[in-house]
Amino acid sequence: MGTRVPRVGLSDAAEELVRQLTARHGPLMFHQSGGCCDGSAPMCYPRGEFRVGAADVLLGRVAEDTPFWMSADQYAYWRHTHLTVDVVPGRGSGFSL
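Now for a look at the structure at hand. (Residues numbered from 1 in each chain as written. Predicted model: local features only at pLDDT ≥ 70, side-chain atom pairs only at ≥ 80, totals over all residues. Heavy atoms only, no water.)

**Side note on the pattern of salt bridges**
Inspection of every chain in the model, using the stated rule, returns three salt bridges. Put simply, Arg-19 and Glu-15 hold a salt bridge, and the shortest N to O gap is 2.9 Å. Placement of both Arg-19 and Glu-15 in helix α1 (residues 12–25) is noted, with a separation of four residues, approximately one turn of the helix. Since its relative accessible area comes to 43%, Arg-19 is described here as partly exposed. Across the salt bridge formed by Arg-61 and Asp-65, the nearest N and O atoms sit 3.2 Å from each other. Under the relative-accessibility criterion, Arg-61 is labelled partly exposed at 46%. Overall, Asp-65 belongs to the partly exposed group, its relative accessible area being 41%. Via salt bridges that share partners, Arg-47, Arg-61 and Asp-65 belong to a single interconnected network. (Salt bridge = Lys/Arg side-chain N within 4 Å of Asp/Glu carboxyl O. Helix = DSSP H or I, 4+ residues; strand = E, 2+ residues; numbered from the N terminus. Buried < 20%, exposed > 50% of the residue type's maximum accessible area, 1.4 Å probe, protein only.)

**Some points on empty space enclosed by the protein**
One pass over the structure, following the stated rule, counts one cavity of 30 Å³ or more. In terms of lining residues, the largest cavity is bounded by Arg-7, Leu-59, Met-70, Tyr-75, Trp-78, Thr-81 and Leu-83. Its residues assigned to classes, the lining of the largest cavity shows five nonpolar, one polar and one charged. (1 Å grid on protein atoms, 1.4 Å probe; cavity = no way out; pocket = protein on both sides within 12 Å on 5 of 7 lines; lining within 4 Å. Points joined across faces, edges and corners; volume = space filled by probe spheres on them. Nonpolar A, V, L, I, M, F, W, Y, C, P; charged D, E, K, R; others polar.)

**Here's the deal with the nonpolar core**
Counting 16 residues, the largest nonpolar core has Val-8, Leu-10, Val-18, Phe-30, Leu-59, Phe-68 and Leu-83 as the members making the most contacts within it. When contributions to this core are tallied by element, the ones reaching two or more residues are β1 (8–10), α1, β2 (28–32), β4 (56–62), β5 (66–71) and β6 (83–85). Element by element, the count of residues in this core is highest for α1, at three residues. (Core = buried A, V, L, I, M, F, W, Y, C linked by side-chain atoms within 4.5 Å.)

This is how it looks when you write it as structure tokens:
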């Protein structure tokens, strides 16, 4: 049996931010759609606020127990890629926490 390689991870700065957001908003989740522009950026939601379904793939869990989902269409393109989520100072966009 081979070792499973994680498909998604967080930079140290992103992990710290997820901890802060979890303390403020409760359990979280990520979803990355197959849209363009901001739509292809991972969005962070309070867990249960965004409904996932059969057209979504669970890539893994980050920051201990935060699920990271991706639309199946996007996953078809990125299935051989490891994603690392990072954060930078500035204004947020979209509907992400």
